[in-house]
Structures are given as C-alpha cells and as structure tokens.
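# Inside the fold
The residues making up each chain are set out below.
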Amino acid sequence: MQREEFHLSDQELLQLADGEASGRDARRIRSHLAACPTCRARLRSLENAASDFARVRQETLDAKLPPADGPQAMLKARLAQLPESGAESSRRSKSWMLAAASLAAIGLSTALYLTVGVGRPGSVVFAAPRANLTPGAVVLLSREQVCSTERANNRPVPVSLRRRVFEAYGISNADARAYEVDYLITPALGGSDDIRNLWPQSYSSTVWNAHVKDALEEHMREMVCAGDLDLETAQRELAQDWIAAYKKYFHTDRPIGIPQ
C-alpha cells in the first residue's frame, strides 16, 4: 500500500487542534498535513464545526444550557485526578476523554446544522458565507458600465472551481445538486469570478436560500441603475450581510412568501 493512502485519525487531528499533541507527534501531524490536502480539509471541517457550535451556542443556547464552567470544571477535575506520571494508559485515558468531549461538541454542532431550515434533509446549511473564506471580491466597474447591459444570469462556475469551493467549506463529498455555488456579490453588480466571492449556498435547506438572494440581487440592481442606491454601497452590503440587506430593502424580517 502506498504511503499517501494513509490519513490521520480524527483523534490525531483533534489532539493537534486542542494543543494536546506531544512535540514529536505534533511535528509528525503537521508534516503529514503539509503534504495531504485531504487531511487538511478534514482538520478545517473539525475546526469550523467547533467554531460554529460555539457561535450557535452563544446565539441560541446559552440561556438553555448550564453555565459553561459546570461541565468543563467537572471534566478538568476528573482529568486532574488521573496521574500525571505513570502508566501509558493514563495518558491515553486523558486523550480519549478530550477527544470524546470535542467530538460531543462537534456532534451537537452537526446535528444543529442538519435540522435547521426546511427542504433537503442532510444538507449542511450555509445561509451566509464564512467571512474568512468568502469576504467578497469585485471588478472595477462604474454604475454606467454595470447598467449598460441587460440583467443576465450569473455566469456558470467551472467544475474545477466549484470543487475547490466545496473543499474549502469542508463538504467535498456533498451532493452538488443541493447547492448553488453562488456569487456573494453578484456579477450584475460588479462581483468577480474570484473564489473569494463564491460559496456553497443551499437551494432549499433554509428559508434564506439561493432563490431569496436572487430576488434581492435583482431588486438592488434596479435600485442602483435607477440612481436610488450607490453601487459601492450595494456591493458592501451584500458582502457584509446579505440577509440584513434583504430585510432592509424589502422591509421584512422573513423572505417574502414565507409564512410568519
């Protein structure tokens, strides 16, 4: 079997992410990651899931969960009771407890993702892009240049670029039919084809889906071309928070046509 067929385990990736890998193990893991895009993508996926869990918890679950220092303090106390020096089994016990705790958090984050919204079950929901991956990018066009042609559909994203977007978001094995690789800033308002302007947006797994954003883009282009909205303002608002822009310009807290 060729060496490149071997991949790091979830435990090894979690130990590195949590700073629990020993010096030798950490160097070995980092060396493998430098040469293995598959494991790098898995590490990003684990880190993003943990980050998303923290965000969702802060936004929606803090009032329903016990104080964070409760279960964390209990876990730390139990870990402290294990001998620091001694049998190899003690070190392994600590590693497995840390891995189990991290996986529990990731599992809850994943469960939340898979139950949000309506539509295709099992689709990972990306109603809005991750700012570190998709900050938005534009080409230097004036309002006159943008509005000199009729509104056209977004240009198709090449398959190779679509694949890179899915890999960046940690869903390389997802059903591509469930997503539109969408332009954060639509080309109809000067958005570019750069990967920094693309993200996988669900067609139906959330009410804030690709079809809703299309309606916003059409409306904002009409406002720009009518002189009612500055082009740079439209680009900035799409990049910063397109859902907030929808609520602002359609004067509603939910997509039009969605029951209250």
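Residues numbered from 1 in each chain as written. Predicted model: local features only at pLDDT ≥ 70, side-chain atom pairs only at ≥ 80, totals over all residues. Heavy atoms only, no water.

Tallying secondary structure elements over the protein chain gives nine helices and two strands in all. Traced from its N-terminal end to its C-terminal end, the protein chain shows the element sequence α-α-α-α-α-α-α-β-β-α-α. Evaluated residue by residue, the protein chain yields a buried proportion of 37% over its 260 residues. Within the protein chain, counting contacts between residues at least 6 apart in sequence, those at least 24 apart form 68% of the total. Total accessible area on the protein chain is roughly 15300 Å²; 54% of this is exposed by carbon and sulfur atoms. (Helix = DSSP H or I, 4+ residues; strand = E, 2+ residues; numbered from the N terminus. Buried < 20%, exposed > 50% of the residue type's maximum accessible area, 1.4 Å probe, protein only. Contact = heavy atoms within 4.5 Å. Areas by Shrake-Rupley, 256 points an atom, 1.4 Å probe, with all protein chains shown as cover.)

With that settled, the discussion passes to the state of the cysteines. As enumerated under the stated definition, the model contains one disulfide in all. Between the sulfur atoms of Cys147 and its disulfide mate Cys225 the distance is 2.0 Å. Classification of the bridge connecting Cys147 and Cys225 rests on its S-S torsion, roughly -95°, and on that basis the disulfide is left-handed. Taken together, the positions of Cys147 in helix α6 (residues 143–147) and Cys225 in helix α8 (residues 210–225) put the pair 78 residues apart, joining distant regions of the chain. Taking the relative accessible area as the measure of exposure, Cys147 reaches 24% and is therefore partly exposed. (Disulfide = S-S within 2.5 Å.)

Our focus in this paragraph is the environment of Trp208. Here Trp208 shows up in the loop between β2 (198–202) and α8. A relative accessible area of 12% means that Trp208 is categorised as buried. Sequence separation between Trp208 and Tyr246 is 38 residues, and the spatial gap between their C-alpha atoms is 9.7 Å. Filtering out sequence-adjacent residues up to four positions away, Trp208 remains in contact with Ala127, Gln201, Trp242, Ile243, Tyr246, Lys247, Asp253, Arg254 and Pro255.

If you trace the backbone, Gln201 turns up in strand β2. Looking at Gln201, its side chain comes within polar contact range of the main-chain oxygen of Asn209, at 3.3 Å. (Polar contact = N/O pair within 3.5 Å; in protein donor to acceptor, adjacent residues only side chain to side chain.)

Let's shift gears to the packing of α8 against helix α9 (residues 231–250). Where α8 contacts α9, the two axes come as close as 10 Å, and the packing angle between them is 125°. One element, α8, and the other, α9, form an angle in the oblique class. α8 and α9 meet at a crossing whose hand is right-handed. Counting all contacts with α8, which are made through Val212, Lys213, Ala215, Leu216, His219, Met220, Met223 and Val224, the residues of α9 involved are Leu231, Ala234, Glu237, Leu238, Trp242, Ala245, Tyr246, Tyr249 and Phe250. When its residues are assigned to classes, the contact of α8 with α9 shows 14 nonpolar, one polar and two charged. (Axes fitted to C-alpha atoms, helices over the stretch in contact; angles between N-to-C directions. Parallel < 35°, antiparallel > 145°, perpendicular 65-115°, else oblique. Left-handed = near helix turned anticlockwise from the far one by under 90°. Nonpolar A, V, L, I, M, F, W, Y, C, P; charged D, E, K, R; others polar.)

Here we take up helix α2 (residues 23–35). Taking 1.5 Å of rise per residue, 13 residues should cover 18 Å, and α2 covers 19 Å from first to last C-alpha, within 8% of that figure. Residues of α2 that are buried include every one of Ala26, Ile29 and Leu33, and no others. Summarising the axial view, the buried residues of α2 lie within an arc of 70°, below the 170-degree limit, and thus occupy one face. Residues of α2 that are exposed and angled more than 90 degrees away from the buried face: Arg24, Arg27, Ala34 and Ala35. (Expected span 1.5 Å × (residues − 1). Arc of directions from axis to C-beta.)

Here the focus is the side chain of Thr252. Note that Thr252 resides in the segment after α9. A distance of 2.8 Å separates a polar atom in the side chain of Thr252 from the backbone oxygen of Arg254. Apart from the residues lying within four places of it in its own chain, the contact partners of Thr252 are Tyr246 and Lys247.

Moving on to the packing of aromatic side chains. According to the stated counting rule, one finds four aromatic pairs in the structure shown. Here Tyr246 and Phe250 contribute two aromatic rings whose centre-to-centre distance is 4.4 Å and whose plane-to-plane angle is 35°, an arrangement assigned as tilted. Residue Tyr246 and its partner Phe250 are both found in helix α9; the two are separated by four residues, about one turn of the helix. Judged by relative accessible area, which is 4%, Tyr246 ranks as buried. One aromatic cluster in this structure is built from Trp208, Trp242, Tyr246 and Phe250. (Phe/Tyr/Trp six-rings, centres within 6.5 Å; stacked < 30°, edge-to-face > 60°.)

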